[in-house]
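Single-letter residue listing:
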Amino acid sequence: MRITAQLRDAVAEALSNAQSAGVLPSAGASEIAIEQPKQEGHGDFATSLPLRLARTMKMAPPAIATAIVEAFPESDVVEKVEVAGPGFINITLANAWFQEQVEVIRAAGAEFGNTDSKSGQKIQIEFVSVNPTGPLHVGHARGAVIGSGLANLLEAAGADVTREYYVNDAGNQMRVYTETLYARYMQAAGHDVPLPETSYPGEYVADLAKDLYEKDGGALVDLPKEEAIKALYQPGLDRNLALIKEDLEELNISYDVWFSEQSLFDTGRFDATMKELEDGGFIVDRDGARWFASTQLGEDKDNVVIRSTGGHTYFASDIAYHAEKFKERNFDQVIDVWGADHHGHVARMKAAATALGVDPNKLEIILNQIVSFKEDGESLRFSKRKNVIVTVRELVDDVGSDAVRYTFLSRGAESQMEFDLDLARKQSSDNPVYYVQYAHARLSGILRNARETGIDWADGDVSLLTHELEIALIRQITGLPDVVERSADRLEPQQIPHYATEVARALQRFYDACRVISEEEDDLPISKARLKLVESARIAIARCLTLMGMNAPERM
RNA sequence: GCGCCUGUAGCUCAGCGGAUAGAGCGCAGCCCUGCGAAGGCUGAAGUCGUGAGUUCAAAUCUCACCAGGCGCACCA
């Protein structure tokens, strides 16, 4: 059991002891929150329970605190329990407990930080899912990083995670794209064919058309237009998906499932879902189109699922897709990471889930605010439809994958952030992004030196770790499982980079004050003990970096 | 107009209803003939957008207002 849970139990026991002894009234239940005080001198852990109980118990908080402290169960883990401030209970742990954690962490190795708070849960997380009509542009990088970071986190919390990309290979945009590709193909063949009214004007389409033209020797030129377009569909899709995959790999992102929208039609899932909605009375025909009657579920307006032209809307296939997620694959939780420009889609998607008999709370939508980019002091707006494309690849080449990931992960999804491209490019050795990595490299260096000097620290005695900064470092490291659990619960990956920074800071302060490898023969015992500490610190920092999808360099 | 999100140090951003609001960058200093100075230490810098309210306690919850972003398609 983790220390926070142990302490929670201890406080609960103390409370009930005091109550059965008649010292405290039995009234007043409150959740016991164990927190880590940010202020030094306030113990290793603290609870504000007495302050919370004051009202229902009709007693002064310090009096309640005193009663709990006096009834606190004996324990060799807890060194000191005291009343402090307006009614806090501050708990100080025994050094022996911290020292022991060094061994616990070394034994856990790469598994350290894992929890079981989400174990047994089958969670699907869908992110990026950009139309396969071109390379990923920078605007998609944020959702990509947040989605993948979150997936790592949920996995660490014990969930069975499926990372998924929804490929819109059956919609309008794909049609527009392929028509553009056709026009470019004909142009490559020397025909003066204009781009369609709505098109993808980017050069990359022309490049692909030229490739295809050269490869097939112009075989499509004489075909009827519709047939040629049909023939171009698959190569266009394949090429773009390949590009997208490569770009995502640049950001250290991979998927378990690439889910085809078209497959919903091929398997009949789409029709079955529409029928289910219809049978439920949620479909109305109006103005020649078919509508999902979301107003029946309290929405502002209905939404078209089948256009008067007969084509399905994006919304319609997304409903079928979510039906598949919940009813076919039985996910306990489905998380969609969308750009904030899709937020109008949230309420109706949840309404659709409800209409299908799915608890809408199982569908969690994370909206990440659109990133704006700044260059030469000016805010830029990128749009795929205009001819300005700054791709994810260009961003990664400029700034580096680790820096991109760290930057996006360290900010909450809902913060409206501005990415200063000049600054990002400028960032080099003083980049704060590298603070955590540097700590890892430094720790690796110490361990490397120790090995090269022939020190075997396997029998190191951790009870020698009594220095204030040694204990402080251990205290930081041991917090990882709690951080993982909390950030997984709240779906807030930004807590990891901040925590990692704190561990790195504790490490640097320790390093500054405590010599690890010494030439003095007499220092060997403490050297060995500190090597164990260094090893456990490296494990914690490496784990954070892995969770963030960043490299944990041995040297820099 | 209606809805959602955001407003915290010069800049970029953290902040779990609780004790003296934090970090990085930038700025002013100090510290390597000892494991990596991509580091450590000290300092300056804040009406937590504004105003009310709830609470023993509000940056955090409620409401109003101001400013910015996004949405309100038979686009995705």
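Residues numbered from 1 in each chain as written. Chains lettered and ligands numbered in written order. Predicted model: local features only at pLDDT ≥ 70, side-chain atom pairs only at ≥ 80, totals over all residues. Heavy atoms only, no water.

### What to know about the overall build of chain A
Helices and strands together make up the secondary structure of chain A, namely 20 helices and 14 strands. When its C-alpha atoms are laid out on the principal axes, chain A stretches across 85 × 60 × 45 Å. Looking at chain A residue by residue over its 556 residues, the buried ones come to 52%. Total accessible area on chain A is roughly 25,400 Å²; 46% of this is exposed by carbon and sulfur atoms. Taking the average location of the 57 positive side-chain charges in chain A and that of its 87 negative ones, the two points are 3 Å from each other. (Helix = DSSP H or I, 4+ residues; strand = E, 2+ residues; numbered from the N terminus. Buried < 20%, exposed > 50% of the residue type's maximum accessible area, 1.4 Å probe, protein only. Areas by Shrake-Rupley, 256 points an atom, 1.4 Å probe, with all protein chains shown as cover. Lys, Arg positive; Asp, Glu negative; His and termini not counted. Charge placed at Lys NZ, Arg CZ, Asp CG, Glu CD.)

### Focus on a negative patch on the surface
There is a patch of like negative charges on the surface, built from E519, E520, E521 and D522. Tracing the backbone shows E521 in the loop between α19 (495-513) and α20 (524-547). You can call E521 exposed: its relative accessible area is 65%. (Patch = residues over 30% accessible without salt bridge, like charges linked within 9 Å, V, L, I, M, F, W, Y side chains within 5 Å. Salt bridge = Lys/Arg side-chain N within 4 Å of Asp/Glu carboxyl O.)

### With respect to the protein's contact with RNA strand B
Neighbouring residues of RNA strand B: 64 residues in total, closest R307, H343, R411, Q416 and R442. A share of 62% of the atoms of RNA strand B within 4 Å of the protein falls on sugar and phosphate groups. A distance of 2.5 Å separates a sugar or linking oxygen of RNA strand B from a polar side-chain atom of Y438. Note that a sugar or linking oxygen of RNA strand B is positioned 2.8 Å from one of the side-chain N or O atoms of D512. Of all the secondary structure elements, the ones that give two or more residues to the surface near RNA strand B are α2 (49-57), β3 (88-93), α6 (172-188), β8 (289-292), α12 (344-355), α16 (434-452) and α19. Split by residue class, the surface near RNA strand B holds 20 nonpolar, 23 polar and 21 charged. (Near = heavy atom within 4 Å. Polar contact = N/O pair within 3.5 Å; in protein donor to acceptor, adjacent residues only side chain to side chain. Nonpolar A, V, L, I, M, F, W, Y, C, P; charged D, E, K, R; others polar.)

### What to know about the domain arrangement of chain A
Domain assignment breaks chain A into domain 1 (3-93) and domain 2 (98-117 + 432-547). Taken residue by residue, the interface counts five residues in domain 1 and five residues in domain 2. Taking both partners together, domain 1 and domain 2 bury about 440 Å²; carbon and sulfur atoms supply 41% of that area. For the domain 1 face of the interface with domain 2, the top three residues by lost area are T4, Q36 and D44, together amounting to 66%. At the junction of domain 1 with domain 2, the criterion picks out one salt bridge. Notably, a salt bridge pairs D44 with R475, separated by 2.6 Å at the nearest N-O pair. Between domain 1 and domain 2 we count two residue pairs in polar contact (both at pLDDT 80 or more) in total. Class assignment for the residues of the side of domain 1 that touches domain 2 results in one nonpolar, two polar and two charged. (Domains from an automatic or database assignment. Contact = heavy atoms within 4.5 Å. Buried area = accessible area lost by both parts, 1.4 Å probe.)

### Some thoughts on the sheet that holds strand β1 (residues 45-47)
Picture the strands of a sheet paired through backbone hydrogen bonds; they go either parallel or antiparallel. A sheet is described by the order of its strands in space; here three strands give the open sequence β1-β3-β2, paired in antiparallel fashion. In the strand order of this sheet, the two ends are held by β1 and β2 (78-84), each with one partner. Adjacent strand axes in the sheet meet at a mean angle of 20° when their direction is disregarded. Sheet topology places β2 next to β3; six bridges connect them, and they run antiparallel. Across the sheet, residue A84 finds its bridge partner in β3, namely F88. Its contacts with the sheet put helix α3 (residues 61-70) on β2 and β3, and the angle it makes with β2 is roughly 165°. (Pairing = 2+ DSSP bridges. Axes fitted to C-alpha atoms, helices over the stretch in contact; angles between N-to-C directions.)

### Structural notes on the packing of aromatic side chains
This structure, assessed with the given rule, holds 14 aromatic pairs. Measuring from centroid to centroid gives 5.2 Å for W97 and F98, while their planes differ by 75°, and the two rings are edge-to-face. In this structure F98 comes out as buried when scored by relative accessible area, which is 1%. Look at Y165 and Y255: their rings are 5.5 Å apart centre to centre, the planes differ by 80°, and that puts the pair in the edge-to-face class. Taken together, the positions of Y165 in strand β5 (residues 160-167) and Y255 in the loop between α8 (225-250) and β6 (257-260) put the pair 90 residues apart, joining distant regions of the chain. Residue classification places Y255 among the buried residues on the basis of a relative accessible area of 12%. Among the aromatic residues, ring-to-ring pairing joins F127, Y165, Y255 and W258 into one connected group. Over the ring of F331 we find K122; its NZ or CZ atom is 4.9 Å from the centre of that ring. (Phe/Tyr/Trp six-rings, centres within 6.5 Å; stacked < 30°, edge-to-face > 60°. Lys NZ or Arg CZ within 6 Å of the ring centre and 35° of its normal.)

### Some details on unusual backbone geometry
The phi dihedral of K58 is positive, around 55°, even though this residue is not glycine. Following the sequence through the fold, K58 ends up in the loop between α2 and α3. Using a relative accessible area of 76% as the deciding quantity, one classes K58 as exposed. The phi torsion at N252 lies on the positive side, around 60°, for a residue other than glycine.

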